[in-house]
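# A closer look at the structure
Residues per chain are reported as follows:
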Amino acid sequence: MENRKEERNQEQGSSRAARGVTTTEHIESVIEVRRVAKVVKGGRRLAFSALVVVGDGQGKVGIASSKSREFAGAVSKASKRAKKEMFEVPFYHTTIPFEVKAKHGATTVLLKSASKGTGLIAGGAVRSLLQAAGVKDVLAKIFGASNKHNVAKATIVALQKLRTAQHIARLRGKTLSELMEKKDVIGA
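Predicted, not measured: the structure shown is a model, and the values here were computed from it.

Calculation notes
Residues numbered from 1 in each chain as written. Predicted model: local features only at pLDDT ≥ 70, side-chain atom pairs only at ≥ 80, totals over all residues. Heavy atoms only, no water. Axes fitted to C-alpha atoms, helices over the stretch in contact; angles between N-to-C directions. Helix = DSSP H or I, 4+ residues; strand = E, 2+ residues; numbered from the N terminus. Parallel < 35°, antiparallel > 145°, perpendicular 65-115°, else oblique. Left-handed = near helix turned anticlockwise from the far one by under 90°. Contact = heavy atoms within 4.5 Å. Nonpolar A, V, L, I, M, F, W, Y, C, P; charged D, E, K, R; others polar. 1 Å grid on protein atoms, 1.4 Å probe; cavity = no way out; pocket = protein on both sides within 12 Å on 5 of 7 lines; lining within 4 Å. Points joined across faces, edges and corners; volume = space filled by probe spheres on them. Buried < 20%, exposed > 50% of the residue type's maximum accessible area, 1.4 Å probe, protein only. Salt bridge = Lys/Arg side-chain N within 4 Å of Asp/Glu carboxyl O.

### As for the packing of helix H3 (residues 124-133) against helix H4 (residues 148-161)
Interaxial distance between H3 and H4 falls to 8 Å at its minimum, and their mutual angle equals 40°. Here H3 is positioned oblique relative to H4, judged by the angle of their axes. Helix-helix and strand crossings are classified by hand; for H3 and H4 the assignment is right-handed. Taking contact as the criterion, the partners of Ala125, Val126, Leu129 and Leu130 in H3 are, on H4, Lys148, Val151, Ala152, Thr155, Ile156 and Leu159. Each residue belonging to the contact of H3 with H4 can be placed in one class, and the counts come to 8 nonpolar, 1 polar and 1 charged.

### Things to note about the layout of surface pockets
One simple way to see leftover space: roll a probe sized like a water molecule over the atoms. If you add up the space inside the second largest pocket, you get close to 190 Å³. In terms of lining residues, the second largest pocket is bounded by Phe91, Tyr92, Pro97, Phe98, Arg163, Thr164, Ala165, Gln166, Ile168, Leu179 and Met180. Mapped by element, the contributors of at least two residues to the lining of the second largest pocket are helix H5 (165-172) and helix H6 (176-180). Here the lining of the second largest pocket takes 3 residues from H5, the largest share from any one element. Among the residues making up the lining of the second largest pocket, the classes are represented as 8 nonpolar, 2 polar and 1 charged.

### A closer look at the environment of Lys38
Secondary-structure assignment places Lys38 in strand E1 (residues 27-40). The exposure class of Lys38 is exposed, given its relative accessible area of 54%. Apart from the residues within four sequence positions on either side, Lys38 is in contact with Gly43, Arg44 and Arg45.

### A short note on the pattern of salt bridges
Side chains carrying opposite charge are able to pair once their charged atoms draw close together. Using the criterion set out here, one finds 2 salt bridges in the structure. Of the charged contacts in the structure, one is a salt bridge between Lys83 and Glu28, with a shortest N-O distance of 3.3 Å. Linking Lys83 in helix H2 (residues 71-84) with Glu28 in strand E1, this pair joins segments that are 55 residues apart in sequence. Lys83 gets classed as partly exposed once you look at its relative accessible area, which sits at 37%. The shortest N-O distance in the salt bridge between Arg34 and Glu32 comes to 3.2 Å. What makes Arg34 partly exposed here is its relative accessible area of 39%. Glu32 sits in the buried class, given a relative accessible area of 14%.

Written out as structure tokens, the structure is:
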């Protein structure tokens, strides 16, 4: 009997990821779980809605929301969807390449690159997302509504706006050295 339980746990994977514990492959963090209700003829039908962030700590991050009748089901479904939604976040050493601002709904998120050793100066959902992505030094500020879903989505939009210097040079049809050289402009 005990062996069957162990086998089942190994097949299904442990529920440690559902509690925000780091696994060897991904960093999973539950941002928010809400109990929602649908009013039906016989009364209320209760369910759970979960917002989960998944990252590899090496520059990839994803976020997803899911609903289920059970808490663990909602978290696991959201986690699977977040893994499918993962995208690459460009780095410059331990921070982001440049300052970026993004908006979703009534929420605006500002992310500023910071010098090495500053740490993550961010709150709530922004911090969870940046930690999952593996960003070490960033200053962040949330303006407007502080709804966790909107903050998370605004942060995702901000991270998707980031580009590497090589990518920008390619878009402009220049080499990296041409892009980085300083030109003295006197008068215009």
